[in-house]
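# Close look at the chain arrangement
Here are the chains, one letter per residue:
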Amino acid sequence: MSRTTTALGSAAEAPRAEGDVPGSSTEPTPVADAAAVTPLRFGYGTNGLADLRLDDALALLADLGYDGVGLTLDHMHLDPLAPGLAARTHRLAQRLDALGLEVTVETGARYVLDPRRKHGPSLLDPDPDDRARRVDLLIRAVRVAADLGAHAVHCFSGITPPATDPTTAWDRLTDALTPVLEAATTAGVPLAVEPEPGHLLATLADFDRLRRTLGDPEHLGLTLDIGHCQCLEPLSPADCIRAAAPFLRHVQIEDMRRGIHEHLPFGDGEIDFPPVLAALAATGYQGLTVVELPRHSHAGPHFAEHSLPFLRNAEAAATRTPVLVPPHGDPSATPEGSTS
């Protein structure tokens, strides 16, 4: 993938209240040249299928026609801390191969390291031993990714702890990521850092700062979450893709509204997807684009079934080739949170 001269986005605008920004643009959708792009490869994240056994989740995605899976290492899905990780990873690699599924490894499990602190400890934790636990998890993830033939390992910075100044937080982040990048370089697996709203590394500009601070290492790349672009970046999602193209190693996708960090099913937010997918295809990106609906596991099979045709339809719309999309439907008669 050739580098462009487009800089990454500047610091994000302050998030706006719901309703301050209109919905999808009414301007004409840019149309990609079908002959100039390669079809995108879509996956679905296991963090949105947490109520399914991993083998059942993989079989579902293969049956639905997905190209791959975003595998979040968690206690219910390839527990990275349980005994026999290498053997379990080997069996999983065989299963993925049999199903024809590609994989990326994600490390956003909420309580895999600490049952009382969501996403804790982080790379920014004041306790060096706790930071080392997160580093160890990421290095394990790199090894798993190498054994699975994954196209990237995803991670994020974490939230700046209270009473921690920005300089200290950035120093902790760069120091903690150094051994992870060494492991990624040795394994030949890109490390794809995700800008996450509310985290120290929240925007494309923050990723650019990290990249420059670390000396632009070859195996440091970017996880771009399309919803996050809609939520807080000053650029449109399509422009974010164009700006980030040289560094894209992993893409997550869902709908979202401006200023509200809530992962939504497609059609429930404000994103106009045909120009987004046209921009992504035009970059030549060939990793997985993974549906990220971690709070919809209560109806995971439903949303997995409906997300792929929505994305294929949006991709086809960018080249004026219509395909049939089933109606959104009702995901469940029992909503999340019900005691039934």
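What this report covers is the structure whose coordinates are included nearby. Computed from a predicted structure; not experimentally measured.

Cut-offs applied
Residues numbered from 1 in each chain as written. Predicted model: local features only at pLDDT ≥ 70, side-chain atom pairs only at ≥ 80, totals over all residues. Heavy atoms only, no water. Helix = DSSP H or I, 4+ residues; strand = E, 2+ residues; numbered from the N terminus. Buried < 20%, exposed > 50% of the residue type's maximum accessible area, 1.4 Å probe, protein only. Arc of directions from axis to C-beta.

Moving on to unusual backbone geometry. With omega at -15 degrees, the peptide bond leading from G120 into P121 counts as cis. Residue position: P121 is located in the loop between β3 (102–106) and α3 (128–148). Here the phi dihedral of H119 falls at roughly 60 degrees; this positive angle occurs in a residue that is not glycine. By secondary structure assignment, the location of H119 is in the loop between β3 and α3. A residue is classified by how much of its surface remains accessible, and H119, at 22% relative accessible area, is partly exposed. With a phi close to 60 degrees, A163 is a non-glycine residue in the positive phi region. Mapped onto the elements, A163 comes out in the loop between β4 (153–155) and α4 (166–187). For A163, a relative accessible area of 89% gives the class exposed.

This part covers helix α1 (residues 54–64). Three- or four-residue spacings in an α-helix give side chains the same orientation, since the helix completes a turn every 3.6 residues. Taken together, the buried positions of α1 are L54, A57, L58, L60 and L61. The buried side chains of α1 occupy one side of the element, clustering within an arc of 160 degrees when seen end-on. Following α1 by one or two positions, G65 adopts a phi angle in the positive range, close to 100 degrees.

Now for helix α8 (residues 273–282). With 9 of 10 residues buried, α8 is to be regarded as a mostly interior element. Turning to α8, its buried residues are F273, P274, P275, V276, L277, A278, A279, L280 and A281. Just downstream of α8 lies G284, where phi reads positive at about 85 degrees.

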